[in-house]
Amino acid sequence: MTIQQRQDIQGVNIKAEQLNFLMQTIHAHHKDFDCHQLDRLLGLAYDLAGEVYSWTEKEEGIVLQNEDQQRRDN
(Lines give C-alpha, C1' and ligand atoms only; values in the text may rest on other atoms or scores of the structure.)
Protein backbone atom coordinates (compact mmCIF):
# COMPACT_ATOMS: atom_id res chain seq x y z
CA MET A 1 0.00 0.00 0.00
CA THR A 2 1.32 3.46 -0.84
CA ILE A 3 1.15 6.65 1.19
CA GLN A 4 -1.99 8.62 0.26
CA GLN A 5 -1.77 12.26 -0.77
CA ARG A 6 -3.19 14.60 1.87
CA GLN A 7 -6.08 16.87 0.88
CA ASP A 8 -5.68 20.52 0.01
CA ILE A 9 -6.70 22.60 3.03
CA GLN A 10 -7.40 25.73 0.98
CA GLY A 11 -10.97 24.73 0.12
CA VAL A 12 -11.92 23.87 3.68
CA ASN A 13 -10.42 27.14 4.92
CA ILE A 14 -12.67 29.03 2.51
CA LYS A 15 -15.73 27.06 3.70
CA ALA A 16 -14.83 27.75 7.34
CA GLU A 17 -14.43 31.48 6.60
CA GLN A 18 -17.81 31.51 4.82
CA LEU A 19 -19.43 29.74 7.77
CA ASN A 20 -17.86 32.18 10.22
CA PHE A 21 -19.08 35.20 8.23
CA LEU A 22 -22.55 33.69 7.88
CA MET A 23 -22.83 32.99 11.61
CA GLN A 24 -21.66 36.55 12.42
CA THR A 25 -24.32 37.90 10.06
CA ILE A 26 -27.04 35.73 11.58
CA HIS A 27 -25.99 36.79 15.08
CA ALA A 28 -25.90 40.49 14.23
CA HIS A 29 -29.17 40.59 12.27
CA HIS A 30 -31.30 37.70 13.52
CA LYS A 31 -34.08 40.05 14.64
CA ASP A 32 -34.31 41.51 11.12
CA PHE A 33 -34.98 38.16 9.41
CA ASP A 34 -38.38 36.54 9.12
CA CYS A 35 -38.66 32.86 10.01
CA HIS A 36 -38.30 31.72 6.38
CA GLN A 37 -35.15 33.78 5.81
CA LEU A 38 -33.68 32.55 9.06
CA ASP A 39 -34.50 28.94 8.13
CA ARG A 40 -32.71 29.32 4.79
CA LEU A 41 -29.68 30.95 6.39
CA LEU A 42 -29.44 28.25 9.03
CA GLY A 43 -29.79 25.61 6.31
CA LEU A 44 -26.85 27.18 4.51
CA ALA A 45 -24.87 27.18 7.76
CA TYR A 46 -25.59 23.48 8.26
CA ASP A 47 -24.52 22.74 4.67
CA LEU A 48 -21.23 24.59 5.14
CA ALA A 49 -20.59 22.89 8.47
CA GLY A 50 -21.32 19.53 6.85
CA GLU A 51 -18.77 20.18 4.12
CA VAL A 52 -16.11 21.10 6.69
CA TYR A 53 -16.96 18.01 8.74
CA SER A 54 -16.79 15.75 5.67
CA TRP A 55 -13.39 17.16 4.79
CA THR A 56 -12.04 16.58 8.31
CA GLU A 57 -13.41 13.01 8.37
CA LYS A 58 -11.74 12.20 5.05
CA GLU A 59 -8.49 13.85 6.12
CA GLU A 60 -8.48 11.92 9.39
CA GLY A 61 -8.87 8.67 7.44
CA ILE A 62 -5.96 9.56 5.16
CA VAL A 63 -3.74 10.45 8.12
CA LEU A 64 -4.57 7.22 9.96
CA GLN A 65 -3.93 5.11 6.85
CA ASN A 66 -0.61 6.86 6.27
CA GLU A 67 0.43 6.32 9.90
CA ASP A 68 -0.48 2.64 9.67
CA GLN A 69 1.51 2.30 6.45
CA GLN A 70 4.54 3.99 8.00
CA ARG A 71 4.40 1.61 10.99
CA ARG A 72 4.25 -1.38 8.64
CA ASP A 73 7.18 -0.07 6.61
CA ASN A 74 9.38 0.39 9.69
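Every value quoted in this text rests on a predicted model; they were computed, and no experiment measured them. (Residues numbered from 1 in each chain as written. Predicted model: local features only at pLDDT ≥ 70, side-chain atom pairs only at ≥ 80, totals over all residues. Heavy atoms only, no water.)

Notes on the overall build of the protein chain
Regarding its fold elements, the protein chain presents two helices and zero strands. Dimensions of the protein chain, computed from the C-alpha atoms along their principal axes, are close to 60 × 15 × 15 Å. Buried positions account for 15% of the 74 residues belonging to the protein chain. In the protein chain, once contacts between residues fewer than 6 apart in sequence are set aside, the share between residues at least 24 apart is 75%. When the accessible surface of the protein chain is totalled, it reaches about 5900 Å², and 54% of it is carbon and sulfur. (Helix = DSSP H or I, 4+ residues; strand = E, 2+ residues; numbered from the N terminus. Buried < 20%, exposed > 50% of the residue type's maximum accessible area, 1.4 Å probe, protein only. Contact = heavy atoms within 4.5 Å. Areas by Shrake-Rupley, 256 points an atom, 1.4 Å probe, with all protein chains shown as cover.)

Considerations on the nonpolar core
Within the largest apolar cluster, five residues are counted, these being L19, L22, I26, A45 and L48. Mapped onto this core, the elements with two or more residues apiece are α1 (10–29) and α2 (35–73). By residue number, the principal contributor to this core is α1, which donates three residues. (Core = buried A, V, L, I, M, F, W, Y, C linked by side-chain atoms within 4.5 Å.)

Considerations on the pattern of salt bridges
Within the structure shown, the criterion is met by three salt bridges. The partner of E51 in a salt bridge is K15, and the shortest N-O contact between them spans 3.3 Å. In this pair, E51 sits in helix α2 while K15 sits in helix α1, placing the two residues 36 residues apart along the sequence. Judged by relative accessible area, K15 falls into the partly exposed class, the value being 26%. With a closest N to O distance of 2.3 Å, D68 and R71 form a salt bridge. Placement of both D68 and R71 in helix α2 is noted, with a separation of three residues, approximately one turn of the helix. (Salt bridge = Lys/Arg side-chain N within 4 Å of Asp/Glu carboxyl O.)

Observations regarding α2
One turn of an α-helix holds 3.6 residues; hence residues three or four places apart share an orientation. Look at α2: 57 Å from first C-alpha to last across 39 residues, which is about the 57 Å you get at 1.5 Å a residue. Among the residues making up α2, those that are buried are A45, L48, W55, E59, I62, N66 and Q69. Buried positions along α2 lie against α1. The residue sitting at the N-terminus of α2 and contributing the capping side-chain oxygen is D34; that oxygen lies 2.9 Å from the backbone nitrogen of H36. (Expected span 1.5 Å × (residues − 1). Polar contact = N/O pair within 3.5 Å; in protein donor to acceptor, adjacent residues only side chain to side chain.)

Structural notes on the packing of α1 against α2
Where α1 meets α2, the closest approach of the two axes is 9 Å, and the angle between their N-to-C directions is 155°. By the angle between their axes, α1 is roughly antiparallel relative to α2. Here α1 and α2 pass one another in a crossing that is left-handed. Where α1 abuts α2, its residues V12, K15, A16, Q18, L19, L22, M23 and I26 lie against L38, L41, L42, L44, A45, L48, A49, E51, V52 and W55. Counted by class, the contact of α1 with α2 contains 15 nonpolar, one polar and two charged residues. (Axes fitted to C-alpha atoms, helices over the stretch in contact; angles between N-to-C directions. Parallel < 35°, antiparallel > 145°, perpendicular 65-115°, else oblique. Left-handed = near helix turned anticlockwise from the far one by under 90°. Nonpolar A, V, L, I, M, F, W, Y, C, P; charged D, E, K, R; others polar.)

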